[in-house]
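# Residue-level structure breakdown
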Amino acid sequence: MIKVEGLTKRYARMAAVDNVSFEVAKGQIVGFLGPNGAGKTTTMRVLTCFLPATEGRAEVAGYDVTTQPMEVKRRIGYLPETPPLYPDMEVCEYLEFVGRLKGVPKSNLKQRLDEVAERCSIADVKTKLIGKLSKGYRQRVGLAQAIIHNPDVLILDEPTSGLDPKQIIETRDLIKSLAGDHTIILSTHILPEVEAVCERVIIINKGKVVATDTVDNLTHRLRGSEAVTVELTGAPGADDVQRKLELVSGVSRVVAKEGRGGMLKFEVESLQGRQIRPDLARAVVESGWQLHELHSAAFSLEEVFIELTSSQAAGGAQ
Amino acid sequence: MSSIWVICRKELKGYFASPIAYGLMVFFAVIAGYFSFMATAIFVQRGMESQMMGRGMPMDLNEWVIRPVLMNVSVIGLFMIPMITMRLFAEEKRSGTIELLTTSPVTDLQVILGKWLASVLMYGAVLGVSLIGLVALFAWGKPDWKPMLIGYLGLLLQGGSLLAIGTFISTCTRNQIVAGVATFAICLLLWVLDWVTAFATSTGGKVISYLSVVQHFEGFSKGVLDTKDLIFYLSVIFFGLFLTSRSMESLRWRS
Ligand SMILES: Nc1ncnc2c1ncn2[C@@H]1O[C@H](COP(=O)(O)OP(=O)(O)OP(=O)(O)O)[C@@H](O)[C@H]1O
Ligand SMILES: [Mg+2]
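Residues numbered from 1 in each chain as written. Chains lettered and ligands numbered in written order. Predicted model: local features only at pLDDT ≥ 70, side-chain atom pairs only at ≥ 80, totals over all residues. Heavy atoms only, no water.

Further remarks concern the site of ligand 1. Lys 40, Thr 41, Thr 42, Glu 81 and His 189 of chain A are the nearest of the 15 residues found near ligand 1. More than a single chain frames ligand 1: its nearby residues are located in chains A and B. Within the contact set of ligand 1, an oxygen atom lies 2.7 Å away from a side-chain nitrogen or oxygen of Asn 36 of chain A. Looking at the shell around ligand 1, the elements with two or more residues in it are β2 (14–24) and α1 (40–47) of chain A. At 3 residues, the largest contribution of residues to the shell around ligand 1 is made by α1 of chain A. (Near = heavy atom within 4 Å. Polar contact = N/O pair within 3.5 Å; in protein donor to acceptor, adjacent residues only side chain to side chain. Helix = DSSP H or I, 4+ residues; strand = E, 2+ residues; numbered from the N terminus.)

Secondary-structure assignment places Ser 18 of chain B in the loop between α1 (2–17) and α2 (19–52). A distance of 3.1 Å separates the side chain of Ser 18 of chain B from the backbone oxygen of Tyr 15 of chain B, its partner in a polar contact.

The next point concerns the domain arrangement of chain A. You can read the domains of chain A as domain 1 (2–220) and domain 2 (224–296). The C-alpha-based centres of domain 1 of chain A and domain 2 of chain A are spaced at 45 Å. (Domains from an automatic or database assignment.)

Let's shift gears to the sheet that holds strand β7 (residues 153–157) of chain A. Residues and elements named next belong to chain A. If you trace the 6 strands from one edge of the open sheet to the other, you get β6-β7-β8-β3-β9-β10, paired in mixed fashion. Edge positions in the sheet fall to β6 (76–79) and β10 (208–214), since each of these pairs with one other strand and no more. The mean inter-strand angle of the sheet, taken between neighbouring strand axes irrespective of direction, is 15°. Running at roughly 150° to strand β8 (residues 183–188), α1 makes contact with β3 (29–33), β6, β7, β8 and β9 (200–205) of the sheet. Sheet contacts for helix α6 (residues 165–178): β3, β7 and β8; angle to β8, the most-contacted strand, approximately 150°. (Pairing = 2+ DSSP bridges. Axes fitted to C-alpha atoms, helices over the stretch in contact; angles between N-to-C directions. Contact = heavy atoms within 4.5 Å.)

This part covers the coordination of the magnesium ion (ligand 2). Reference values for angles at a metal are 109.5 degrees in the four-donor tetrahedral case and 90 or 180 degrees in the six-donor octahedral case. Residues and elements named next belong to chain A. Protein-derived coordination of the magnesium ion (ligand 2) comes from Thr 41 (OG1) and Glu 81 (OE), at a distance range of 1.9 to 2.4 Å. With Thr 41 in helix α1 and Glu 81 in the loop between β6 and α3 (91–101), the pair connects residues that are 40 residues apart, well separated along the chain. In this structure Thr 41 comes out as buried when scored by relative accessible area, which is 15%. (Donors = N, O, S within 2.8 Å, 3.2 Å for Na, K, Ca; no water. Buried < 20%, exposed > 50% of the residue type's maximum accessible area, 1.4 Å probe, protein only.)

We now examine the interface of chain A and chain B. Each partner contributes to the interface: chain A provides 26 residues, whereas chain B provides 23 residues. Interface area for chain A against chain B, summed over the two sides, is near 2,400 Å², with a carbon-plus-sulfur share of 62%. Of all residues in chain A, Phe 50, Tyr 86 and Leu 101 of chain A bury the most surface against chain B, accounting for 27% of the area lost on that side. For the pair chain A and chain B, the number of links is 3 salt bridges. Notably, a salt bridge pairs Lys 13 of chain B with Glu 93 of chain A, separated by 3.7 Å at the nearest N-O pair. Across the contact surface, chain A and chain B share 6 residue pairs in polar contact (both at pLDDT 80 or more). Within the residue set of the side of chain A that touches chain B, elements represented by two or more residues are β1 (2–11), α2 (69–75) and α3 of chain A. Taken together, the residues that form the side of chain A that touches chain B break down as 16 nonpolar, 2 polar and 8 charged. (Buried area = accessible area lost by both parts, 1.4 Å probe. Salt bridge = Lys/Arg side-chain N within 4 Å of Asp/Glu carboxyl O. Nonpolar A, V, L, I, M, F, W, Y, C, P; charged D, E, K, R; others polar.)

We now examine the side chain of Arg 112 of chain A. Residues and elements named next belong to chain A. As for its placement among the helices and strands, Arg 112 is situated in helix α4 (residues 106–119). Of the residues examined, Arg 112 reaches a relative accessible area of 14% and is grouped as buried. Not counting chain neighbours up to four residues away, the residues in contact with Arg 112 comprise Val 104, Ile 147, Ile 148 and Asn 150.

Residues and elements named next belong to chain A. A large share of strand β11 (residues 227–233) lies buried, amounting to 7 of its 7 residues. Burial along β11 is two-sided: the residues Ala 227, Thr 229, Glu 231 and Thr 233 and Val 228, Val 230 and Leu 232 are all buried. Both β11 and strand β13 (residues 264–270) contribute to a ladder of 6 bridges, which runs antiparallel. From the neighbouring strand, Thr 229 faces β13, where its bridge partner is Glu 267. Strand direction decides the pairing type here: β11 and strand β14 (residues 290–296), joined by 6 bridges, are antiparallel. Bridging across to β14, Val 230 finds its partner in Leu 294.

Dropping the structure here:
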């Protein structure tokens, strides 16, 4: 449904999006994950024909964004980072305007309006001025605006930002309920959101795609390896310990950490699917050091995200 | 076509949702009313004077009342333009709603025409208020209505040209005050330009005089429909809207 090939967008000299390629199948929900300034919004703006690409191609529902923007726009519902609202309009009036703008036939408009208001739970504020709504309600009106013409593709830029926890869950449920008929791309910085809503995730950093996989695979892959924190005393020096720990079978990496109160602290990562805690304990004790703590810090998606994005940053600096 | 109307209607609603529209109309009603009254008073006085002196020359309502009022309205109208156009695009850029317009299945041209049309209608509504004083003339005189019609057509054309320029200026900034001040400056310049060129005889002066938007209204105010003036206004409108569309396009390339 969405196909992006070698997409590059440069602002002045800086590339905000650099040679990005991905595909989204019909009916899928894909999470676009990345830190601030990663290029999520820029990519979405190219997909919605708001910005032209510097290089590369993007296709939505089989139509090219540069050569057939009208066809693309007809099939896309877009919620920008800041919902595009007119504060001096009533909610109903606004949705009617957007509906007409997006080409909803007049005869159908009333019915669509009611459906959408129902779906986004804004029926009770229909006659209120948008300028007087709370942030959460504005976000919902923004979402209602994106789906009013029942588009094939939905592009949502941080749809849950600024909402309270209850609203976040409601909005996520709403988005999930929209999948199937609609193909959805949503951007976020929040990992649990991707886990909760999306089937696939595209991790992007500094304008480059660093990982793309199904959410299940990614969590599985990440949880497959283990991170263990070791704290000990009685060793002559941190370097000795590090060398010793690295020799333990199944260990892939040892990182020295700041320890408190004369404690030496290390973080040890295991190879895929290996249990290393017993061997680690034995190695420490056999060397005559005092083992104070040994616990597994199961790899969270969060850490891997930071890992992926910061190693990318280091790579980019070279 | 219907997209243009959708956008135009939204803008019109926007004007009347704020007090600006009503303020402008009241202000204009007072000023135009004052001028109509003064012109009529002078007319009546002159009429009486000439009768007393026994000259009894037939005096023309159009020449003595309608024309001065039209000239004055055209100048006051100049200063309404910035208030009408300043928010058209600047506000959409500031609040990010421009992203809604440009990602909807409408062309830039439809957006521009819709907004410009709304500004012309708004300007027309303000002008309409000035008609009240003149229509009263029909109650006790027999002014010729054709020159008046042409005069108002001229006012609309002059307004339309400046509104097109104002629309363009509004796309250049996200601050509507800046847009308003810049448009005001241009209107002021055009007005002053008209004074200067009144005395110009050199070729350069004639060129400037030709470019003076106000100058071309002179004919309309006399009730003369000159195709040269008509073409001038239509080309300014075209040019202004063309610049607007270029600016909207470059806005995307830059931002
Ligand atoms: N109009 C612009 N002019 C110049 N640079 C820009 C412009 N818009 C964005 N950028 C730059 O492009 C890069 C990517 O920005 P983008 O807004 O796409 O990031 P993002 O992933 O959406 O970030 P966030 O999570 O903060 O929303 C940033 O470094 C930003 O500074
Ligand atoms: Mg963003």
